Structure formats: structure tokens, C-alpha cells
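Observations on chain architecture
Residue strings, one per chain:
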Amino acid sequence: MVCSVLILRICVKDNILYIYLDFIVTFSEPHLISSGVFRFLFFLILVSAALSAGASEPFIGTLCNTKGRAIKGVKVYVHNPKETVKSGKKGEFKFDGVNPGDTIHISYKGKVHSFAVNGRHDIMFVVGEDGRIFEKDNYVGDAFHGHLFDYKGKPIRGAMVYGSDPFDYVKSDRNGNFLLDNIVSTDTLHIKHEGYIHDIAMDGSKGMYIKIQRSHGRRIGGDLVSTGAGMVDVRQYNGPRAVRTAKELEAMGTSDLALAMLGMKGVTVGRDKDGKPEVFIRNRRNPLWILDGIRMTEMPDLTVMEVEKIEVLHDGGMYGLGAWSGVVNITTKGSSR
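The present account deals with the structure reproduced in this document. (Residues numbered from 1 in each chain as written. Predicted model: local features only at pLDDT ≥ 70, side-chain atom pairs only at ≥ 80, totals over all residues. Heavy atoms only, no water.)

Assigned secondary structure in the chain consists of three helices and 29 strands. When each of the 337 residues of the chain is scored for burial, the buried share is 39%. Long-range pairs, those at least 24 residues apart, make up 53% of the contacts in the chain between residues at least 6 apart in sequence. Entry remark: accessible area of the chain is about 19100 Å², with carbon and sulfur atoms responsible for 52%. (Helix = DSSP H or I, 4+ residues; strand = E, 2+ residues; numbered from the N terminus. Buried < 20%, exposed > 50% of the residue type's maximum accessible area, 1.4 Å probe, protein only. Contact = heavy atoms within 4.5 Å. Areas by Shrake-Rupley, 256 points an atom, 1.4 Å probe, with all protein chains shown as cover.)

This brings us to the pattern of salt bridges. Taken as a whole and assessed by the stated rule, the structure comprises six salt bridges. Here Glu135 makes a salt bridge to Arg120, at a shortest N to O gap of 2.8 Å. Taken together, the positions of Glu135 in strand S12 (residues 133–135) and Arg120 in the loop between strand S10 (111–116) and strand S11 (122–127) put the pair 15 residues apart, joining distant regions of the chain. You can call Glu135 buried: its relative accessible area is 13%. For Arg120, a relative accessible area of 29% corresponds to the partly exposed category. Taking the shortest distance from any N to any O, the salt bridge between Glu278 and Arg285 comes out at 3.2 Å. On the basis of relative accessibility, which here comes to 15%, the residue Glu278 falls in the buried class. (Salt bridge = Lys/Arg side-chain N within 4 Å of Asp/Glu carboxyl O.)

So, on to the sheet that holds strand S6 (residues 75–77). Judged by pairing direction, the sheet is antiparallel, and its four strands sit side by side in the order S7-S6-S9-S10 without closing on themselves. The open sheet has two edge strands with one neighbour each: strand S7 (85–86) and S10. Pairing geometry for S6 and S7, over two bridges, is antiparallel. When the sheet's bridge partners are listed, Lys75 is paired in S7 with Lys86. (Pairing = 2+ DSSP bridges.)

This is the structure:
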């Protein structure tokens, strides 16, 4: 009796079932083959399918600096900050069992940078000259050097400087100097200092001396917010609202900002298609988020420990387009000082 075996391989990748046929079964004397052989082959197929369905392709990340040199020893985690791995000599780190909707968290120089996996199995990261981390595909490679001083000519220390994302910032040092990497020279710089925001047009420059005066900035800290067409004083709002302070937020026992809003009047928290918390105001999704006076297109990536106060306004009419579902006005710690 001469036979060759049909091997059926079944695996799951990105939630798609794949079936592979490696060989074709041929028997010279098929009447001599017992039913037990076929049952055994069928059993092997089931075991292979079960093992393949439980397996998932590992996620591999790579960290390098702006010159392409690997960065080792950086802590990275997915779900639990206490369960970290470190980048190796080649800047690589690896996780098994990462889901398409998970988030990779990279802890570098006291700050955590988060990136959505979005079904990918490998991402290259660039650590900018300013210590911030970017996906390589989103890194433009331009750096801006600035020097901040007040009306007396003294350097300004600790001012927050950012481009389009108010939470992705750098701070000026003791000499008033700062470096902001991965920024386009046609962008606008935003400088937050002592409760005011100053908007500085770069005008193609890669460096600038900047004089900061309160009278030239706009007040922040929960009173004035941007509607996109101008500034609105939140104290003019007399509709239904809910407020939760930093102490009340921390008492909720979670670092997740959305979950810390549970129980606020008119607020419910559900889950989106990726299983992440989603905030509803009066059963309406996609509220307008305002962070320290700046409109945001989505919920900012903040933890409870970074928030001074959350104010939920049920009626967002005074804030113009995009606010029909209500407004979540967030003031971060230190923004009003």
C-alpha cells in the first residue's frame, strides 16, 4: 500500500480564517484503509485548527533616534504599567497576543507616549531631539529652537511649548531655551505660561527669540475657551452642568479619565467598537472636548492625576458647530498658575 497524506492547516490572522492544503491524498489500495485512519487524520486537523486559532502574530516595535541609531533600555507596556519589556540592543521590543485595538505605551524620560496598534504588527518609532516619540511615518524631521524671555529680558523657565497638540509639549529650561522637534516651519507655536497662551507664527523660521508679555496672550484656566471663531467666557453659561474637581476625580479610584466621569449628572460611559471607554452626554456621543481653552477633535489622552477640574455642559449651543452633543471642559493642573 502506497499513500501520501493530505495536511490541512488552518490559522487565524487579523480575524481572518486561512485554510491551506499542502498535499493530496492518494491510495493505491483504498479498500485496505480502515476508517480509523481517517478518524485519526480528522483528529489531527481539529487539533491544528484549535492551536492556530489561539495563536496570534507577535507585535514588534523598534526605537531609534533621529540619526537612525537604536535606543535600548526603554520600558514599554501594553495593558499593565508593571508588566513592561525593555528595548534591546537593536532598539527592538516584542509582545505576544497584542490585539488590533490595543495601545502601546512607551515610557521615556518620565513621560509616557501612547500609540494605537490599529491592527499593525510592527511599528518603527523615532525619539526626537526634544525627547518626544513619534511614529517614523509621521516624523518630518524639522526642529525649532527658541528662547523665551520676559519684558525685563529675564529668561522664562518652565513654560509649556507645543504645536497642534496641547498635551504633547516641551518645557523651557532655566535659561529660557527650548527645542521642539518634528514641527513644520509653517505651523504656529503655542506657549502656555502663568495662565496665558501666546500664539507665535513661525513664518518658516527654525529658531526665534520670543518676548512673552501677559497683555499679548489670552487667559486660560477654565474661564475662557475657544469656540473656533473666538473666545467665550464659560461663566456666561447658565444651563445644566456638572463639575468634578481633582480630589473628587481621584476618589473614583481609577486613572482612566472617562471612567472617573461616571456618576456625573447627564454623563454615561460606554464602550466603543475597540472596547475603549466612550463618554455620552444625555445619551449623545461625540461631545466637544476643550482642553485648557483649546478645542479638541476627540477625548484628550490624559490621566486623572493630570486634571484639575472637569466641567460638563449639557447644552453646547454657545460653542458653535461641533458642540450639539454637549461640552466637556477640562482644566489641567498647573494651567492656571
